[in-house]
Amino acid sequence: MSVQFSQERLNKVNELMSHYPQGKQKSALLPVLHLAQQEFGGWLDVSTMDYVASLLQLQPIEVYEVATFYSMYNLKPVGKYVFEVCQTGPCMVNGSDNIIDYIKEKLGIAVGETTQDGLFTLKTVECLGACGYAPMMQLGKTYREHLTKEKVDAIIDECVKNATTNN
Amino acid sequence: MARKLLLEKANIEGIRGYDVYRREGGYKSVEKALKMAPNDIVEEVKKSGLRGRGGAGFPTGMKWSFLAKPEGVARYLVCNADESEPGTFKDRYLMEFLPHLLIEGMIVSAFALGSNVSYIYIRGEYDWITDILDNAIAEAKQYDFLGKNILGSGFDCEIYTHRGAGAYICGEETALIESLEGKRGLPRIKPPFPAVRGVWDCPTVVNNVETLAAVVPIINEGADAYAKIGVGKSTGTKLMSACGNINKPGVYEIDMTMSVQEFIYSDEYCGGIPNGKRLKACIPGGSSVPILPANLLLKTAKGETRLMNYESLADGGFATGSMMGSGGFEVLDEDQCIVRHTMSLARFYHHESCGQCSPCREGTGWMEKILKKIEYGRGELKDIDLLWDIQRKIEGNTICPLGDAAAWPVAAAIRHFRDEFEWHVLHPEECLKTNYGLAHYADTPKSPEGDLVKA
Ligand SMILES: Cc1cc2nc3c(=O)[nH]c(=O)nc-3n(C[C@H](O)[C@H](O)[C@H](O)COP(=O)(O)O)c2cc1C
Ligand code: SF4
Ligand code: FES
């Protein structure tokens, strides 16, 4: 087994499991997968999923089934910063197409791709519940709303800066 | 100005925290409810006329009274905070700014239903909001409103958040239950209904965020006072999330006696349409409800002023009306292309279909493909009939209502804007160039500036 949570994370897993009745620890699967994805490089490889299965005493297939169903779980490597731009009706009406095109051009990648330096991945997603603040994208834990080209530039700069200072 | 029952205090500095919330009268409904008999609370909610705010509008008190109560079996209350219907972002607002209001409503509701453990199933993307709720839960626990024997009442009450992971279908209550059990979000065949066999096969009530928050003013002020607000079977206030081509997008709490016209044009609400553009169409209750052209939006087919409530929005059925749905109100101005917008929604439903039923799984994909073909100038006239045919074959033939939700927007777009579809087919070059079709729609009413607003 190649991956392993820290003791602190294991305590978190146990706490999550305690939210559900005895014997229903499978319910903790979605939250624990979020934790695993966050901890182990932003995506779930097979060994990570197998590890989660062992923690929750599930069959690996039960974990694969879930990981492949939900769009927030990445099944292949992603960049350090994932731009998830909403493209649904209300955002489209407010110019999300242009924002997506601009990001493509600026980063030189197509939707679904990652920049060569491994910094950025561009994804399109469906409505994120921010339609009044369109166009928007999710970046990590929070939303970036009312996007303009200038804002996109600033966000990219911010990410590049963070990446260089954090490494 | 309408009375606000939910958002009145949303702008008070620090209201997100327990201290300010409590100082402003928070958690009074819990103190009151714990002195009542649980069944009396259910009766109050029945009497209030409160209808589910998640989309279907089912009477909440009645739903609660269906909850099975077998001896020795746990019962569960689950708050549906999956909020993924395009155009809808009201629950987010409520949870982000007034997390304690939801927790308060849930404690009262859990007590009424006899649920000792409750969950908030929140969409995975609302990550920071989950933190806000977790904080509020911890605070409520610290002050004895959650935990064992709350306020010495003998009632044990726990609330946990549970994050989804990106699947619109998990807003459907049985899919939500599957997801809460740690599985794929595949809707269950009903019956049995969750009220009899829900999460872990135990009796379960699933309610929307706004529904549970509304229990607070109902208990505080009494069912009669609540029922007096609004009109007919649309009692109380309703949260609307307004978006699209309007000057002031955002979340508004409305009195359901207001006209659609006032909502769109008055400065207190949407503030009219930017750049002096004309109103073309509107989806008044989230992407699943039928789109209405401007002329049928402001007035019903009978020529009556259309109001922002369940009955009036539905007046005329699907032929000339729409639905209140989830309150996701999207306005489209004269520059918007209905074909393109419908294509975007079809893509959404195709993406979100769980794949269990062939009419939905295959039909949504077909609709997306055909709409793309038409939008990009390669459509034929017979494609429009084919689209109509496909949506008819989905509706009513699936396990869960996502199939209907995918069919209705397409049906309504063709019903009201068929000429725009035909124009795309007949002008392949032009529709490619402008990308947005054109504002050729004949029935678009003249600019309703000024006079109409004050009507
Ligand atoms: C495809 C689909 C998605 C739904 N999404 C939501 C949602 O995000 N939030 C919600 O409260 N209800 C949603 N519903 C409605 C729920 O199934 C359920 O009726 C509702 O949560 C009941 O709560 P209420 O009675 O308080 O409205 C959805 C239904 C369907 C069919
Ligand atoms: S209607 Fe669609 S989403 Fe609902 S169960 Fe069938 S395939 Fe799944
Ligand atoms: S449509 Fe983009 S957030 Fe809703």
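The structure displayed is predicted, hence computed values, not measured ones. (Residues numbered from 1 in each chain as written. Chains lettered and ligands numbered in written order. Predicted model: local features only at pLDDT ≥ 70, side-chain atom pairs only at ≥ 80, totals over all residues. Heavy atoms only, no water.)

> Is there a simple way to explain the site of ligand 1 in this structure?
Residue and element names in this part refer to chain B. For ligand 1, the set of nearby residues contains 18 residues, the closest of which are Gly-54, Asn-80, Asn-207, Asn-208 and Thr-211. Taking Gly-54, its main chain carries an N or O atom lying 2.7 Å from an oxygen atom of ligand 1. Across the complex, the protein chains shield 89% of the 610 Å² of accessible surface that ligand 1 would expose by itself. Split by residue class, the shell around ligand 1 holds 4 nonpolar, 8 polar and 6 charged. (Near = heavy atom within 4 Å. Polar contact = N/O pair within 3.5 Å; in protein donor to acceptor, adjacent residues only side chain to side chain. Areas by Shrake-Rupley, 256 points an atom, 1.4 Å probe, with all protein chains shown as cover. Nonpolar A, V, L, I, M, F, W, Y, C, P; charged D, E, K, R; others polar.)

> What's the story with the site of ligand 2 in this structure? I'm lost.
Looking at ligand 2, there are 13 residues lining it, with B:Cys354, B:Cys357, B:Cys360, B:Thr398 and B:Cys400 nearest. Of the residues assigned to the shell around ligand 2, the class counts are 8 nonpolar, 5 polar and no charged.

> Any chance you could explain the sheet that holds strand 8 (residues 250–255) of chain B here in plain terms?
In a beta sheet, neighbouring strands are held together by backbone hydrogen bonds and run either parallel or antiparallel to one another. All names here are of chain B. The strand order across the open sheet formed by 5 strands is 8-7-11-9-10, and the pairing between neighbours is mixed. Strands at the two margins of the open sheet, each flanked by one partner only, are strand 8 and strand 10 (292–293). Of the strands in this sheet, strand 7 (237–244) and strand 8 are in contact with helix 5 (residues 90–97), which crosses strand 7 at around 115°. (Pairing = 2+ DSSP bridges. Helix = DSSP H or I, 4+ residues; strand = E, 2+ residues; numbered from the N terminus. Contact = heavy atoms within 4.5 Å. Axes fitted to C-alpha atoms, helices over the stretch in contact; angles between N-to-C directions.)

> It is not clear to me how the interface of chain A and chain B should be interpreted in this structure. Could you clarify?
For interface size, the figure often reported is the accessible area lost on association. Contacts between the two partners involve 40 residues from chain A, matched on the other side by 56 residues from chain B. Note on chain A versus chain B: buried area summed over both sides is about 3,800 Å², and carbon and sulfur give 57% of it. Across the chain A-chain B interface, the total number found is 5 salt bridges. Across the pair A:Lys141 and B:Asp131 runs a salt bridge, and its minimum N-O distance is 2.9 Å. (Buried area = accessible area lost by both parts, 1.4 Å probe. Salt bridge = Lys/Arg side-chain N within 4 Å of Asp/Glu carboxyl O.)

> Is there a simple way to think about the confidence of the model for chain B in this case?
Low pLDDT marks stretches whose predicted atomic positions should not be read closely. Residue and element names in this part refer to chain B. Of all residues in chain B, 95% have pLDDT values of 70 or greater, and the mean over the chain is 93. Between residues 437–455, whose pLDDT stays under 50, and residues either more than four places distant or in other chains, the model counts 33 contacts. In the predicted assembly, ipTM is 0.97 and pTM is 0.95. (pLDDT = per-residue confidence, 0-100.)

> Honestly, the sheet that holds strand 4 (residues 142–144) of chain A in this entry has me stumped. Any pointers?
All names here are of chain A. Strand order in this open sheet of 4 strands is 2-1-3-4, and the pairing throughout is mixed. Bordering the open sheet on either side are strand 2 (120–125) and strand 4, each of which pairs with just one other strand. Ignoring which end each strand starts from, the neighbouring axes of this sheet average 30° apart. Of the pairings in the sheet, the one linking strand 1 (residues 81–86) to strand 3 (residues 137–139) comprises 3 bridges and is antiparallel in character. By the bridge assignment for strand 3, Val-85 is matched with Met-137. Sheet strands touched by helix 6 (residues 96–107): strand 1 and strand 2. Its angle to strand 1, the strand with the most contacts, is close to 155°.

> Is there a simple way to think about helix 6 of chain A in this case?
What sets the pattern is the α-helix's 3.6 residues per turn: residues three or four places apart point alike. An ideal rise of 1.5 Å per residue puts 16 Å on 12 residues; helix 6 of chain A measures up with 16 Å between its terminal C-alpha atoms. Of all the positions in helix 6 of chain A, only A:Ser96, A:Asp97, A:Ile99, A:Ile100, A:Tyr102, A:Ile103 and A:Leu107 are classed as buried. Buried residues along helix 6 of chain A sit against strand 1, helix 5 (89–93), strand 2 and helix 7 (149–166) of chain A together with helix 15 (338–352) of chain B. In the stretch just after helix 6 of chain A, A:Gly108 is the one whose phi turns positive, near 65°. (Expected span 1.5 Å × (residues − 1). Buried < 20%, exposed > 50% of the residue type's maximum accessible area, 1.4 Å probe, protein only.)

> Explanation requested: the nonpolar core in the structure shown.
The tendency in soluble globular proteins is for nonpolar side chains to be buried side by side. If you look at the biggest cluster of nonpolar residues, it comprises 81 residues, and the most contacted ones within it are A:Phe5, A:Leu33, A:Tyr70, B:Ile291, B:Leu387 and B:Phe421. Per-element tally for this core: the top contributor is helix 18 (residues 402–426) of chain B, with 11 residues. Non-local contacts of A:Tyr70, meaning those with residues more than four positions away in its chain, are made with A:Leu30, B:Tyr121, B:Ala165, B:Gly166, B:Ala167, B:Cys170, B:Ser179, B:Lys183, B:Arg184 and B:Gly185. In terms of nonpolar packing, the next biggest core, distinct from the first, is built from 77 residues, B:Leu5, B:Ala10, B:Tyr93 and B:Ile159 among them. (Core = buried A, V, L, I, M, F, W, Y, C linked by side-chain atoms within 4.5 Å.)

> Would you mind showing me how to read the packing of helix 5 of chain B against helix 9 (residues 209–221) of chain B here?
Each pair of packed helices can be described by the angle between their axes along with the distance between the axes. All names here are of chain B. One way to put it is that helix 5 packs onto helix 9 with a least axis distance of 9 Å and a crossing angle of 50°. Relative to helix 9, the element helix 5 lies oblique. From helix 5, Lys-90, Asp-91, Leu-94 and Met-95 reach across to helix 9, where they touch Val-209, Glu-210 and Ala-213. Of the residues that constitute the contact of helix 5 with helix 9, the class distribution is 4 nonpolar, no polar and 3 charged. (Parallel < 35°, antiparallel > 145°, perpendicular 65-115°, else oblique.)

> Even after reading the chapter, I still don't get the packing of aromatic side chains, so can you show me in this structure?
Pairs of aromatic rings are described using the distance from one ring centre to the other and the angle between the two planes. Residues and elements named next belong to chain B. This structure, assessed with the given rule, holds 33 aromatic pairs over all chains. Between Tyr-76 and Tyr-119, the aromatic rings sit 6.3 Å apart at their centres with planes inclined by 35°, giving tilted as the arrangement. Here Tyr-76, found in strand 1 (residues 76–81), pairs with Tyr-119, found in strand 2 (residues 117–122); they are 43 residues apart in sequence, far enough to count as distant. Taken as a pair, Tyr-76 and Tyr-119 share a single burial class, namely buried. Between the aromatic rings of Tyr-252 and Phe-263, the centroid separation amounts to 6.0 Å while the plane-to-plane angle is 85°, which identifies the pairing as edge-to-face. Here Tyr-252 is found in strand 8, whereas its partner Phe-263 is found in helix 11 (residues 260–265), with 11 residues between them in sequence. (Phe/Tyr/Trp six-rings, centres within 6.5 Å; stacked < 30°, edge-to-face > 60°.)

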